[in-house]
Amino acid sequence: MGFDGTPGRFNAITDVPGVAVGYTTVIMGDGPLVVGKGPVRTGVTAILPRPRADLAAPVFAGMFSQNGNGELTGSHIIEETGAFNFPVTITNTHSCGVSRDATLRWMQKTLPQSLESAWALPVAGETYDGFLNDINGHHLGVEHVFCALDAAASGAIEEGSVGGGTGMISFGFKAGSGSASRIVNWRESSYTVGVFVQANFGRRHNLAIRGVRAGPDLKQPAIREGTPRAEKGSIIAIVATDAPFLPHQMKRLARRVPLGVAMTGGFGYHSSGDIFLAFSTANPEAALAPSGRIAKADFIPDIDIDPFFDAVIQGVEEAILNALIANDDMTGRDGNFVPALPKAWLMNRFGAGPKE
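Quick look at the structure, then.

Scoring rules and cut-offs
- Position numbers for residues start from 1 in each chain and track the written sequence from start to end.
- Residue-level local features of this predicted model are given only where pLDDT is at least 70; pairs of side-chain atoms are given and counted only at 80 or more, and the full residue set underlies all totals for whole chains, interfaces and linings.
- In computing side-chain properties, one takes all heavy atoms of the structure into account and sets aside hydrogens as well as water.
- Secondary structure elements are defined from DSSP: runs of H or I of at least 4 residues count as helices, runs of E of at least 2 residues count as strands, and each element is numbered from the N terminus.
- For a compact globule the rule gives 2.2 Å times the number of residues to the power 0.38, and the radius of gyration it is set against comes from C-alpha atoms.
- Summary of the burial criterion: residues with accessible area below 20% of their type's maximum are buried, those above 50% are exposed, and those between are partly exposed, where the area comes from a 1.4 Å probe applied to protein chains only.
- Contacts are assigned to residue pairs that have any heavy atoms within 4.5 Å of one another.
- Surface accessibility follows the Shrake-Rupley procedure with a 1.4 Å probe radius. Residue values consider only the protein chains on display as shielding.
- Positive: Lys, Arg. Negative: Asp, Glu. His and the chain ends are not part of the count.
- To locate a charge, take NZ of a lysine, CZ of an arginine, CG of an aspartate or CD of a glutamate.
- Put simply, a nonpolar core is a bunch of buried Ala, Val, Leu, Ile, Met, Phe, Trp, Tyr and Cys residues held in one set by side-chain atoms that sit within 4.5 Å of each other.
- We call two strands paired when DSSP finds no fewer than two bridges between them.
- Angles shown run from 0 to 180 degrees and are taken between the N-to-C directions of axes, each axis being a line fitted to C-alpha atoms and, for helices, limited to the stretch in contact.
- Geometry of aromatic contacts follows a simple scheme: Phe, Tyr and Trp rings, the Trp one being its six-membered ring, pair when their centres are within 6.5 Å, and the pair is stacked under 30 degrees between planes, edge-to-face over 60, tilted otherwise.
- Criterion for a charge above a ring: Lys NZ or Arg CZ within 6 Å of the ring centre, and within 35 degrees of the ring normal.
- Only one rule defines a salt bridge in this text: a Lys or Arg side-chain nitrogen within 4 Å of an Asp or Glu carboxyl oxygen.
- Here a polar contact means two N or O atoms within 3.5 Å. Within protein one must be a hydrogen donor candidate and the other an acceptor candidate, and residues neighboring in sequence count only if both atoms are side-chain atoms.

Quick notes on the overall build of the protein chain
Looking only at helices and strands, one finds 8 helices and 16 strands in the protein chain. Taken over the C-alpha trace, the protein chain has a radius of gyration of 19 Å; the compact-globule value for 356 residues is 21 Å, and the two agree within 12%. Burial statistics for the protein chain: of 356 residues in total, 59% are counted as buried. In the protein chain, once contacts between residues fewer than 6 apart in sequence are set aside, the share between residues at least 24 apart is 80%. A total accessible area of about 14100 Å² is found for the protein chain, and carbon and sulfur atoms account for 51% of it. Each charge sign in the protein chain was given a centre, from 29 positive and 34 negative side chains, and these centres are 3 Å apart.

Describing the nonpolar core
Core analysis: the biggest nonpolar cluster contains 45 residues, and Leu207, Ile209, Leu253, Phe308 and Leu341 have the highest contact counts within it. The set of elements that each furnish at least two residues to this core consists of β9 (176-186), β10 (189-200), β13 (234-241), α4 (247-255), α5 (257-263), β14 (273-280), α7 (306-325) and α8 (343-350). Counting residues per element, this core draws most heavily on α7, at 10 residues. With sequence-adjacent residues up to four places away left out, Phe308 is seen in contact with Val184, Tyr191, Val193, Ala243, Phe245, Leu253 and Ile300. Grouped together as the second largest cluster of nonpolar side chains are 25 residues, Ile13, Ile78, Ile90 and Val162 included.

Some remarks on unusual backbone geometry
Here the residue pair Gly38 and Pro39 is connected by a cis peptide bond, since its omega of 0 degrees sits within 30 degrees of zero. When you line up the elements, Pro39 lands in the loop between β1 (20-28) and β2 (40-48). At the junction of Gln220 and Pro221, the peptide bond is cis and its omega measures out at 0 degrees in the coordinates. Inspection of the secondary structure assignment puts Pro221 in the loop between β12 (212-213) and β13.

Examining the sheet that holds strand β5 (residues 88-92)
Read across the sheet, 4 strands follow the order β1-β2-β5-β6 without closing on themselves; strand pairing throughout is mixed. The open sheet is flanked by β1 and β6 (123-127), the only strands paired with a single partner. For this sheet, the mean inter-axis angle between neighbouring strands, taken without regard to orientation, is 15 degrees. Across 3 bridges, β2 lies against β5 in antiparallel orientation. Note on β5: the bridge partner recorded for Thr45 is Ile90. Set on the sheet, helix α2 (residues 96-110) makes contact with β2, β5 and β6; between it and β5 the angle comes to about 150 degrees. Packed on one face of the sheet, helix α3 (residues 142-151) meets β1, β2 and β5 and runs near 145 degrees to β1.

With respect to the packing of aromatic side chains
Both the distance between ring centres and the angle between the ring planes are used here to describe each pair of aromatic rings. Under the definition given, this model contains 7 aromatic pairs. A ring pair is formed by Phe267 and Tyr269, whose centres lie 6.3 Å apart and whose planes are at 90 degrees; its orientation type is edge-to-face. Judged by relative accessible area, Tyr269 falls into the partly exposed class, the value being 30%. For the ring pair Trp345 and Phe350, a centre distance of 6.0 Å and an interplane angle of 70 degrees mean the geometry is edge-to-face. The rings of Tyr191, Phe245 and Phe308 are connected pair by pair, giving a single aromatic cluster. Seen from the ring of Phe131, Arg229 lies directly overhead, with NZ or CZ sitting 5.9 Å from the centre.

Some words on the side chain of Asp134
For Asp134, the location among the structural elements is in the loop between β6 and α3. Notably, Asp134 is buried but unbridged: the nearest opposite-charge side chain belongs to Arg333, and the N-O separation is 7.0 Å. Reaching out from Asp134, the side chain makes a polar contact with the side chain of His139 at a distance of 2.7 Å. Setting aside residues up to four positions removed in sequence, Asp134 forms contacts with Leu33, Val34, Val35, Gly36, Lys37, Gly38, Pro39 and His139.

Examining the sheet that holds β9
Spatially, β4-β3-β14-β13-β10-β9 is the arrangement adopted by the 6 strands of the open sheet, whose pairing is mixed. Edge positions in the open sheet fall to β4 (83-84) and β9, since each of these has one partner strand only. In this structure, β9 lies alongside β10, joined through 11 bridges in antiparallel fashion. Note that in β10 the partner of Ala180 across the bridge is Val195. The sheet strands contacting α4 are β3 (59-68), β13 and β14, and the helix crosses β3 at an angle near 35 degrees. Against the sheet, α7 contacts β9, β10 and β13, and its axis sits at roughly 155 degrees relative to β9.

Looking at the side chain of Thr89
Mapped onto the secondary structure, Thr89 falls in strand β5. A relative accessible area of 0% means that Thr89 is categorised as buried. Of note is the side chain of Thr89, whose polar atom sits 3.2 Å from the side chain of Ser99. Every residue in contact with Thr89, bar those within four places of it in the chain, is listed here: Val44, Thr45, Ala46, Ser99, Arg100, Thr103, Val123, Ala124, Gly125 and Val145.

Interpretation note: all reported values are geometric properties and have no functional meaning in isolation.
As structure tokens, then:
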């Protein structure tokens, strides 16, 4: 499809060394909604910023809220200290607390020493899947979060209606989980910028694909509403890199995510929770610096940061479109139907999907 930039081997956030992704997808039942019984179209995504043995080591980070109609737990301490540790989880709006608390339980089981004399504030994000899912039935449990965390792996990852993205919609088409990566060369070194999105935002008429205002040509197929659909869209984006940056620079990368979102037609409307987190796996010694010593950290100077801004914007744009392309139609509660982005139209207009 002619995307800008050079992708990594898997064109995913897992191209950043040490970063792993795992999913649990929960799909059960059909027909009319019975709260507590279904139908269920939901799940949870786990992103490990470091290998399991090193998850207690903080990563330098920054976050940015373009429109705050959503939740990202742990955001206050990230704003205060420019770092976080432990896995990141993303799920539906009413299961965000479950995924956060389950992460603590999983860390207690996996690395008990990390909580022996410490407290933790795990990062958990959410978007709303109530048009397709029995969101008030609270079907996501601790065991589902454990499964996603246990399954987290590097390498190629599945996209579309998986994990936390299972019940999500963008631009009136089935969306959800998407990822992309870019390689940035700086002096004699090569670094990776990886992006993961849970895409659940946007109005059909605004959809843009590689600069083409596609929305006006794609009035069909339409969503079918067994129950009225209110506008409750959001996007959570996680940016990872192995480039050495300080916390204020990670916040600068997070601030560029909305530019990639806008390239697809997302404009940060009132009901949308557009919340973005960026972290660097570099400088682990500085992040763990003990008391009583001068801590030292490497960082690329701000004057050279522009190619990394490019990588974030390029990766976000492609990750959103990948979430749309890697999808099929879905019918959920009350017969509510969300079509996939038409593959025939995409082939006729562009000749290939994003990762082809």
